[in-house]
Amino acid sequence: MTSLRVSTPFPAASELRCWTLDRFGELRGLRAALREAIAQVPAAAQDDLTDKVAVVATELATNALRHGLPPTEVRLLRQDDRLIIDVADHDLEAVPRLAEGRPLGAGGLGLQLTRTFAIDVGWYMTEDAKHVWASFPG
């Protein structure tokens, strides 16, 4: 297993929307709300991009709910021609790791999908939260 690169993304990004999740059952609502929010961004409202952002946000939020400490916070940000998903949890001990070489069905593919669908991926810590982020053209 390898860890993601440590990097604070896009310091001038503006927050478009934010969701707080406490349970897995809230993921469906997150996907729907995220699709709606992206539809409001004229240059980004493309079905393929919307699907990729929704998958990545769901995967990162699932990881945070499963492996982190609540609450999980999902933010949709924008800076210039980028959309950014930033997912935070409050487990400051665990470092996000890529599950490389696992067989299909064994779990751990969320960060791999994120790296496939996003332009860039990284993580960073603040005083009280661990953030995993992914950026997309938008």
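Worth saying up front: this structure is predicted, and the values here are computed from it rather than measured.

Explain the side chain of R75 here, please?
Of note, R75 is situated in strand β3 (residues 72-79). Leaving out residues up to four positions away in the same chain, R75 has contacts with E15, R17, C18, I84, I85, D86 and Y124.

Sorry, what's going on with the environment of V6 here?
On the secondary structure map, V6 appears in the loop between β1 (2-3) and β2 (14-21). The exposed category is assigned to V6, whose relative accessible area is 59%. Taking C-alpha positions, V6 is 9.9 Å from H131, a pair spaced 125 residues apart along the chain.

Is there a simple way to think about the nonpolar core in this case?
Considering soluble globular proteins, one finds that nonpolar side chains tend to be buried as a cluster. Of all hydrophobic cores here, the largest spans 30 residues; its most connected members are W19, L34, L76, I85 and F136. With eight residues, helix α2 (residues 47-67) is the largest single contributor of residues to this core. Beyond its immediate sequence surroundings of up to four residues, L34 is in contact with W19, V53, A54, A57, L76 and I85.

Looking at this structure, I do not really get the packing of aromatic side chains. What am I missing?
Any pair of aromatic rings gets described here by the distance separating the centres and the angle formed by the planes. For the structure shown, the criterion picks out one aromatic pair. Seen in terms of ring centroids, F10 and W133 are 6.0 Å apart; in terms of plane orientation they differ by 85°. Their pairing is edge-to-face. On the criterion of sequence distance, the pair formed by F10 in the loop between β1 and β2 and W133 in strand β7 (residues 130-137) is long-range, its members being 123 residues apart. Classification of W133 by relative accessible area gives buried; the value is 1%.

Sorry, what's going on with unusual backbone geometry here?
The general pattern is negative phi for most residues beyond glycine and trans for most peptide bonds. Cis geometry marks the peptide bond from P70 to P71; its omega dihedral reads -5°. Following the sequence through the fold, P71 ends up in the loop between α2 and β3. Positive phi, normally seen in glycine, also occurs at D80, with a value near 50°. Its place among the elements puts D80 in the loop between β3 and β4 (82-89). Using a relative accessible area of 65% as the deciding quantity, one classes D80 as exposed.

I tried to follow helix α1 (residues 27-39) on my own but got confused; where do I start?
Owing to its 3.6 residues per turn, the α-helix brings residues three or four apart onto one side. With 13 residues, α1 extends 18 Å from end C-alpha to end C-alpha; this agrees with the ideal 18 Å at 1.5 Å per step. Within the span of α1, buried status applies to L27, L30, A33, L34, A37 and I38. For α1, the angular spread of buried residues about the axis comes to 135°, placing them on one side. Residues of α1 that are exposed and point more than 90 degrees away from the buried face comprise R28 and E36.

Cut-offs used in this document
- Residues numbered from 1 in each chain as written.
- Predicted model: local features only at pLDDT ≥ 70, side-chain atom pairs only at ≥ 80, totals over all residues.
- Heavy atoms only, no water.
- Helix = DSSP H or I, 4+ residues; strand = E, 2+ residues; numbered from the N terminus.
- Contact = heavy atoms within 4.5 Å.
- Buried < 20%, exposed > 50% of the residue type's maximum accessible area, 1.4 Å probe, protein only.
- Core = buried A, V, L, I, M, F, W, Y, C linked by side-chain atoms within 4.5 Å.
- Phe/Tyr/Trp six-rings, centres within 6.5 Å; stacked < 30°, edge-to-face > 60°.
- Expected span 1.5 Å × (residues − 1).
- Arc of directions from axis to C-beta.

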